[in-house]
Amino acid sequence: MKDEGGMRRRVHATSLPAAFPARSARGDHILRTEIVLPRPRDEVFAFFSAAENLGRITPPELSFRILTPLPVAMREGALIEYRLGLFGLSFTWRTLISRWDPPYAFTDEQLKGPYHMWVHTHRFDEVPGGTRVSDEVRYRLPLPVVPLLLQRLCVEIALYRLSLSAAALTTELRQRY
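Residue positions are given per chain, counting from 1 as you read along its sequence in written order. Per-residue local features are limited, in this predicted model, to residues with pLDDT of at least 70; the limit for side-chain atom pairs, both in listing and counting, is 80 or more; totals at the level of whole chains, interfaces and linings are taken over all residues. With hydrogens and water excluded, all non-hydrogen atoms of the structure serve as input to the side-chain values.

Asker: Teacher, can you tell me more about the packing of aromatic side chains here?
Answerer: The geometry of an aromatic ring pair comes down to the distance between the two centres and the angle between the two planes. Centre distance within 6.5 Å is the pairing criterion for rings of Phe, Tyr and Trp, where only the six-membered ring of Trp is used; planes under 30 degrees apart are then read as stacked, over 60 as edge-to-face, and the remainder as tilted. Tallied over the full model, the rule gives 13 aromatic pairs. A ring pair is formed by Phe-45 and Trp-100, whose centres lie 5.3 Å apart and whose planes are at 55°; its orientation type is tilted. One end of the pair, Phe-45, is in helix α1 (residues 41-49); the other, Trp-100, is in strand β5 (residues 89-101), and 55 residues separate them in sequence. Under the scheme applied here, a residue whose accessible area is under 20% of the maximum for its type counts as buried, over 50% as exposed, and between as partly exposed, the area being computed with a 1.4 Å probe on protein chains only. According to the relative accessible area criterion, Trp-100 is partly exposed, its value standing at 22%. Between Trp-118 and Tyr-139, the aromatic rings sit 6.0 Å apart at their centres with planes inclined by 40°, giving tilted as the arrangement. A residue pair is termed long-range when its members are at least 10 positions apart, and Trp-118 in strand β7 (residues 117-127) and Tyr-139 in strand β8 (residues 130-140) qualify at 21 residues. Counting every residue linked through ring pairs, the aromatic cluster contains Phe-45, Phe-47, Phe-48, Trp-100, Phe-106 and Phe-124. Working definition: helices are DSSP H or I runs of at least four residues, strands are E runs of at least two. Numbering for both runs from the N terminus.

As C-alpha cells, then:
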C-alpha cells in the first residue's frame, strides 16, 4: 500500500502476515494475518477494540466513517454501523460483536454489507517482546462476477491495517502516557 505521499509503507513489526486467502471445503475464503507489536496485551487489545480507531487503520480510499455514536460500548451483542465508499459506490456495513473476551479475543460478524458472509476473529496473545495480534477472516463473496475485486480489497485492507497498526498504536500510547 502507498501512503498519502505515494511512498510505500513498511510494516515495522517482528512478523509479517501471510495475507493470502485460502478456500475452505465449503467454498468460503479464509484470510489469516499476524503481527507482533512491542506493547502489553491490555494496551493492544484496548486499541484494537475501540471502534473509533478503526478509521485510523482503514485505507483512506474507502471513505470510511462510523455512523454509530461514539464511543461504542464494546460488549457481546454490540452493533456498529459504518459507511464506506468503493468504486464510486457508497454502502452501509453493519457488524455485530458476537464474541467478547477481553483482553484475549473478540469477533465481529457482518450483518449487512458487501460480502455474503464475513466473520472476523481477533486474537491477542502475550509473546516474548510484546503481543501477537492474529486475525482470521472467513468470508463468502456475493456474486461470482466480483470475487477478484472483493478478494483483492480484503487482502489490501488487511495489509494496510497491519502497516498502520504499529505506528498508530505507538502514537496513541505516546499521547496517553
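Asker: Honestly, the pairing of β8 in this entry has me stumped. Any pointers?
Answerer: When a strand is regular, its side chains alternate between the sheet's two faces. Taken across its eleven residues, β8 has eight buried, putting it largely inside the fold. Here the rule is simple: two strands pair whenever DSSP picks up at least two bridges between them. Alignment of β7 against β8, held across eleven bridges, turns out to be antiparallel. Following the sheet pairing, Asp-125 is matched in β8 by Arg-132. Counted between consecutive antiparallel strands, the loop separating β7 from β8 contains two residues, among which Gly-129 sits at a positive phi close to 90°.

Asker: Sorry, what's going on with unusual backbone geometry here?
Answerer: Phi is mostly negative for residues that are not glycine, and the peptide bonds are mostly trans. With omega at -5°, the peptide bond leading from Leu-70 into Pro-71 counts as cis. Along the chain, Pro-71 falls in the loop between β3 (65-66) and β4 (79-86). Residue Pro-103 is reached from Pro-102 by a cis peptide bond, and omega for that bond is -5°. Looking at where Pro-103 falls in the secondary structure, it is placed in the loop between β5 and β6 (105-112). One non-glycine residue, Ser-63, adopts positive backbone phi at about 45°.

Asker: Hey, could you run me through the nonpolar core in this one?
Answerer: Across soluble globular proteins, nonpolar side chains have a tendency to be buried as a group. Counting residues in hydrophobic clusters, the biggest one holds 20 residues, and the most contacted among them are Ile-80, Tyr-82, Leu-84, Trp-93 and Tyr-139. Those elements giving two or more residues to this core turn out to be β4, β5 and β8. Take this core: its biggest share by element is four residues, from β4. Any two residues having at least one pair of non-hydrogen atoms within 4.5 Å are treated as being in contact. Once residues lying within four places of it in the same chain are set aside, the contact partners of Leu-84 are Leu-62, Ser-63, Phe-64, Leu-89, Ser-90, Phe-91 and Trp-93. Residues enter a nonpolar core if they are buried and are Ala, Val, Leu, Ile, Met, Phe, Trp, Tyr or Cys, with the set joined through side-chain atoms within 4.5 Å. By size, the runner-up hydrophobic cluster in this structure holds ten residues, among which are Ile-35, Val-44, Ile-57 and Phe-124.

Asker: It is not clear to me how the pairing of β7 should be interpreted in this structure. Could you clarify?
Answerer: Relative to β7, β6 is paired through five bridges, and the arrangement is antiparallel. Counterpart to Glu-109 in the pairing with β7 is Val-119. The hairpin formed by β6 and β7 contains four residues between the paired strands.

Asker: I tried to follow the confidence of the model for the chain on my own but got confused; where do I start?
Answerer: Detailed reading of predicted coordinates is not advised where the pLDDT is low. The predictor rates its confidence in each residue with pLDDT, a number between 0 and 100. Per-residue pLDDT for the chain has a mean of 77; in total, 65% of the residues score no lower than 70. Ranking the elements of the chain by mean pLDDT puts strand β1 (residues 22-23) last with 52 and β6 first with 96. Low pLDDT (under 50) marks residues 1-21, which in the prediction has 42 contacts with non-local residues, meaning those over four places away or in another chain.

Asker: What exactly am I supposed to notice about the pattern of salt bridges here?
Answerer: What makes a salt bridge here is a side-chain nitrogen of Lys or Arg within 4 Å of a carboxyl oxygen of Asp or Glu, nothing more. Applying the stated criterion across every chain, the model contains nine salt bridges. The salt bridge involving Arg-140 is made with Asp-28; its shortest N-O contact spans 2.6 Å. Of this pair, Arg-140 sits in strand β8 while Asp-28 sits in the loop between β1 and β2 (29-37), placing them 112 residues apart in sequence. The exposure class assigned to Arg-140 is partly exposed, which follows from its relative accessible area of 25%. A salt bridge links Asp-101 to Arg-99, with the nearest nitrogen and oxygen atoms 3.8 Å apart. Classification of Asp-101 as partly exposed rests on a relative accessible area of 31%. On the basis of relative accessible area, Arg-99 is assigned to the partly exposed category, the value being 34%. One continuous salt-bridge network, built from bridges that share partners, spans Arg-32, Glu-136 and Arg-138.

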